[in-house]
Every structure is written in C-alpha cells, then in structure tokens.
Amino acid sequence: MLVALMARDKPKSLDIRKANRAAHLDYIEATDVVSMAGPFLDENGSMTGSLVILDVADMDAARSWAENDPYAKAGLFETVVLSEWKKVVG
C-alpha cells in the first residue's frame, strides 16, 4: 500500500533538520520503502517539512517507519500525518 507522510517542522528548527539530514537520507536508502520524497519549502526556499511516499505492507509499517526516521527521533516535526494514498498520475 502507498502511504503519504506529511510532516511540518517545528518553528525555527532548520538547524535540527540540517544536523540530521544525512542520517535521514541514509535511513531512506537503508529501508528501501520510499517511492519518492522531498521537503516542503517556504517562500524563501527554506525547508519547512517533508513529504514522503512510502510503499509498505500496512499502516502499522508506515507508523513504524515514521517513528524510526532520524528526523522524528531528533524532535524535528511539529505535526505528522499518515494517509493512505492512491497514485493516479505519474
């Protein structure tokens, strides 16, 4: 199943994001369940959150992936929403 993870960073947390970015990208590569991913940007082009499309067995697997993401473990996110997603275009 495809699951969209939509996360918004806590205010003034760009330093946390930058400090954990390499570990986050390593986690994406090691887990091999991410179909696509990228940051949300503000009007100045600064990263303010994440969109990650997971290809997992079920919602429990998506929750587990999200909880073990180095960004989550570092306390980067203010909010995280997981929603089943259906790919229609692309």
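In this text the structure is predicted, and so the values were computed from the model without any measurement. (Residues numbered from 1 in each chain as written. Predicted model: local features only at pLDDT ≥ 70, side-chain atom pairs only at ≥ 80, totals over all residues. Heavy atoms only, no water.)

### What about the pairing of strand β2 (residues 34-41)?
To keep it simple, the criterion reads: By definition, two strands form a pair when at least two bridges between them are found by DSSP. A run of DSSP states H or I qualifies as a helix once it reaches four residues; a run of E qualifies as a strand once it reaches two. Both are numbered from the N-terminal end.
The pairing of β2 with strand β3 (residues 47-55) spans seven bridges and is classified as antiparallel. Within β3, the residue paired with M36 across the bridge is I53. Here β2 folds back onto β3, and the loop between the two strands holds five residues, one of which, G45, carries a positive phi near 85 degrees.

### Quick word on the packing of aromatic side chains
Formally: Put simply, two rings from Phe, Tyr or Trp (the six-membered ring, in Trp's case) pair if the centres are within 6.5 Å, and we call them stacked under 30 degrees between planes, edge-to-face over 60, tilted for the rest.
Applying the stated criterion to the full structure yields two aromatic pairs. Consider the rings of Y27 and W65, whose centres lie 4.8 Å apart with planes at 35 degrees: the pair is tilted. Residue Y27 is located in helix α1 (residues 14-31), and its partner W65 is located in helix α2 (residues 59-68); the two are separated by 38 residues in the primary sequence. Judged by centre distance (6.0 Å) and plane angle (90 degrees), the rings of Y71 and F77 are edge-to-face.

### Regarding unusual backbone geometry
A positive phi angle, close to 55 degrees, is found at K12, a residue other than glycine. Inspection of the secondary structure assignment puts K12 in the loop between β1 (2-9) and α1. You will see that D32, though not glycine, has its phi angle at about 55 degrees, which is positive. With respect to the helices and strands, D32 occurs in the loop between α1 and β2.

Honestly, it's all geometry; don't read function into it.
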